[in-house]
Amino acid sequence: MLSTHNVPAVQAPDRRLLRAFAFDPMSSRLSGQFLTVDIPFEVGLRPGPDGELVQVVDYDATRRRWYHPVDLDDPPVLAQDGLRPSESDPRSHQQIVYAITMSVIERFQRFTGRRFRWRGDDRLRLVPHAFYGRNAYFDPERRAVLFGYYRADDTDSQASLPHQLMFTCLSVDIIAHEVTHAIVHRMRPLFTIATNSDVFAFHEAFADLVALFHHFLFTDIVEDFVAGSRSELSDATALLSLADEFGRSTGRGGPLRSAVGSAPDPADFHAAREPHRRGAIFVAAVFDAYLATYRSQIADLRRLATGGSGVLGDGELSPDLVRRIAAEAVKNADRILGMVVRGFDYLPAVDVTFGDVVRAVITADRDLFPDDRINLRGHLVEALRRRGIFPPGVVSLADQALLWRRPVVPLSLTAGESPVDLGQLILDSTIKLDPAASSVTAAGSAARERSKPVFAQTVAWATAHAVELGLDPDAGRIRVLGMHVGFQSGADGQPHPRIFIQIVQRREDLESGPDRDTRTQLHAACTVIANVDGRVGWLVPKPLPFTRPSALAKLPEPLRIHGREQHAAGVARLEAIREWFDEVEDGDPLATWLDEPAVGRLTFASLHAPEED
C-alpha cells in the first residue's frame, strides 16, 4: 500500500504571495489591477491571521460583532495567492492588513540589519473594523492599530457612491503609515512625549515616507507610471500621493497628502506647527532629492534612446526602455528610503528634531557609503536646505560638519571603568539577530539583572561615564532603554556590525506639576554607537542642566570643558522645551479646564482625527 504522505517531506515555501488593492479599492476598480504582496511564509500561522509578530483581531466594537478569521493556510486560499480583495468580505480585509504589515516590517529588518521584534513576547494587534469613524491610528497603550470605517461624503463624485461604506483597512497607504507609527514607537518609545514641534511631525513624516516608498515595491505598477508619465515621475501624482480614496471620500477633493507640488520656501517650514503639515515639508524635501537623483540616473538611458539628445519623441516609450527606467526608479527609491531608515538608529532617544534627523541620516550613510558616488547625500542635504531644514549652529552643509560628535576622550564599552561584557549580546545577535532587549535600571530587581547582565553592566558603565554622555551624575536614575546589534551592508558589500544603545535619565527635579503620573516627563539621554570591539564611535547626547555644575571644576580639562558645554546645551534645551509647552498650552482651549498638561493630550488618535471632531 502506497503512503499518502510525500517521502521525503516537502519543505514549506520561503515566501507567501497575497493579493491587495492597488492602492485602495478605487484604484483597483478604475485600473483593474491588484497588488501581489510578497512576504515571508510563516509556518504555523493560525487563523486571524495570527502569527509571531502580528495578530489580527477582527472585532467590531460599534456593531459588537466578531468576524470569522481568515485561514491563509487553507488550501483553496493558498492555491490562489490569497483571497481576491473584496470590499464586502471581512476576511480579505484581514488578509490585506496582515500582508502589508509584514511587508513593512520585513523592509525595516532589511535596512536596519536586525530581526525585528516587539517587547518580549508582545505582538502588534491589527483591528480592521475597530470603530465607526473617519480615522485610523496606532494606540500605544493597547499596542494595536485601530482602523475605522465610515460613510463617504456627499460631495464625493469620483471615489465612490455618496454614503458608500468605506474601510480605512483597505488602503495600503493607511496601513503602511499606521504600522510605521507602531515600529517607530517600538524603536523610540519616548518619541510620544512632544517636547518640541518636531517630535510628532517626525513621526508623521517618517510614516508618510515609508508608505510612499512602499509603492515602489511593485515594479509592474511603477512601469505603468513610467510609461504613463513618459519617465517624468514628478507628473505621476498618483504614485507620489497617499490615500487618494480616503481623501476624496472625506470631502478633501484629492489625496490625503502628496510628496510633490509645492515649491521650496523655507518660510513654510518655519511657520508650520501642525505635525502633518510640518512633516509633509520634510517628505517633500526627501522626494525632491529622490527625483533629482532619479533624473541623473536615467539620463544615460534617455540619451541612448534618443540618439544623444535626451529629448523623448512623440509616441509610446519602448517597453524595454520603460523596464530599464522603472528598474532605476525602484533602485533609487530603495536607496534613499534605506538612508532614512538606517539613520533611525543614529537618532537621539528623546526630543528629536529635524536637525537631528539630518545629522543621523548623514552620519549613518557616511559610515556605510563613504564615497557617495551618486551624490545622494548632496542631493538630500541641498533639498532639505532649500526648504529650510538643517541643524542649527552648523558652520557648513558639508558631510564633515553634519556628522555627530566623536567622544571628547577615547571611550570604550569594554575597557576602563565599569567595562561591559558584550560577548553574549553579540552572540545572541549573531545567532538570533534578536537579543530580546529589555529595560534595566540601576535599581532593577536582582532577578532581572541576573537574566540581563549586559544591561545592568551598561547601566554601571553609563553611570561611571555620565559626564561624557551628557548625563548628570548627581540626578536621577540612569537606565538602558534599548540595546541591539545591527548588521548593515555597506558599499563594499560587507556587513558592518554596530552596537546601538539608548541611555536615558528622567529628571523629575525639572518637571512641573504635583502629580508624578500625569505631568510631562523630562529626560536627559544619549545614544551610543560603538563597534563590536567596544570602541565608541559616535555620541548623540540630549543633555539637561546639571544640578551641581560647580563640581565639573574637579574633572580633567577635556572633560571639564565638555561638561560645561553639555550643561550650557542642557540649559538652552530646557528653556526651549518650556517655551514649547507654553505655546501648546496657550493654543489649547481646554487648558483652563483640565489639570493635565496640554502636551500630554497630544496622541496619535487626536492627531489623526478629522478636524470637525
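Before any of the text, the structure's been laid out above.
Residues numbered from 1 in each chain as written. Predicted model: local features only at pLDDT ≥ 70, side-chain atom pairs only at ≥ 80, totals over all residues. Heavy atoms only, no water.

Caption draft 1: Looking closely at the overall build of the chain. In terms of regular secondary structure, the chain is built from 18 helices and 16 strands. In terms of overall size, the chain behaves like a compact globule, its C-alpha atoms giving a radius of gyration of 25 Å where 613 residues would be expected to give roughly 25 Å. The C-alpha extent of the chain, read off along each of the three principal axes, is 75 × 70 × 65 Å. Looking at the chain as a whole, 55% of its 613 residues qualify as buried. Excluding contacts between residues fewer than 6 apart, the proportion of contacts in the chain whose partners are at least 24 apart in sequence is 67%. Carbon and sulfur atoms provide 52% of the accessible area of the chain, an area that totals close to 26600 Å². (Helix = DSSP H or I, 4+ residues; strand = E, 2+ residues; numbered from the N terminus. Rg over C-alpha atoms; globule rule 2.2 N^0.38 Å. Buried < 20%, exposed > 50% of the residue type's maximum accessible area, 1.4 Å probe, protein only. Contact = heavy atoms within 4.5 Å. Areas by Shrake-Rupley, 256 points an atom, 1.4 Å probe, with all protein chains shown as cover.)

Caption draft 2: Just the pattern of salt bridges, in detail. Going through the model one piece at a time under the given rule, you end up with 36 salt bridges. The shortest N-O distance in the salt bridge between R143 and D122 comes to 3.4 Å. Placement of R143 in the loop between β7 (136-139) and β8 (144-151) and of D122 in the loop between α3 (90-112) and β6 (124-132) is noted, with a sequence separation of 21 residues between them. With a relative accessible area of 28%, D122 lands in the partly exposed category. Between D399 and R366 there is a salt bridge, and its shortest N-O distance comes to 3.8 Å. Linking D399 in helix α13 (residues 399-402) with R366 in helix α11 (residues 354-368), this pair joins segments that are 33 residues apart in sequence. Taken together, the shared-partner salt bridges connect R335, D365, R366, R377 and D399 into one network. (Salt bridge = Lys/Arg side-chain N within 4 Å of Asp/Glu carboxyl O.)

Caption draft 3: Quick look at empty space enclosed by the protein. Applying the stated rule across the entire model yields 7 cavities of 30 Å³ or more. What the largest cavity holds in volume is close to 180 Å³. The wall of the largest cavity is formed by 18 residues, among which R114, R186, G482, H484 and Q502 lie closest to the centre. Counting residues per element, the ones that place at least two in the lining of the largest cavity are α4 (172-187), β13 (478-489) and β14 (495-506). Here the lining of the largest cavity takes 4 residues from β13, the largest share from any one element. (1 Å grid on protein atoms, 1.4 Å probe; cavity = no way out; pocket = protein on both sides within 12 Å on 5 of 7 lines; lining within 4 Å. Points joined across faces, edges and corners; volume = space filled by probe spheres on them.)

Caption draft 4: Up close: unusual backbone geometry. Omega for the bond connecting A22 with F23 falls within 30 degrees of zero, at -10°, which places this linkage in the cis form. The residue after G48, namely P49, is reached through a cis peptide bond having omega -5°. The residue P49 is located in the loop between β2 (34-40) and β3 (54-56) in this model. Non-glycine residue D372 carries a positive phi angle of around 50°. The residue D372 is located in the loop between α11 and α12 (376-386) in this model.

Caption draft 5: Layout of the packing of aromatic side chains. For the structure shown, the criterion picks out 22 aromatic pairs. Between F191 and F202, the aromatic rings sit 6.1 Å apart at their centres with planes inclined by 85°, giving edge-to-face as the arrangement. Residue F191 is located in the loop between α4 and α5 (199-214), and its partner F202 is located in helix α5; the two are separated by 11 residues in the primary sequence. F202 shares its class with F191; the two are buried. Each member of the aromatic cluster is reached from another via a ring pair, and the members are F108, F191, F202, F206 and F344. Its end group placed over the ring of F41, R16 keeps NZ or CZ at 4.1 Å from the ring centre. Sitting over the face of the ring of F111, R110 holds its NZ or CZ atom 4.6 Å from the ring centroid. (Phe/Tyr/Trp six-rings, centres within 6.5 Å; stacked < 30°, edge-to-face > 60°. Lys NZ or Arg CZ within 6 Å of the ring centre and 35° of its normal.)

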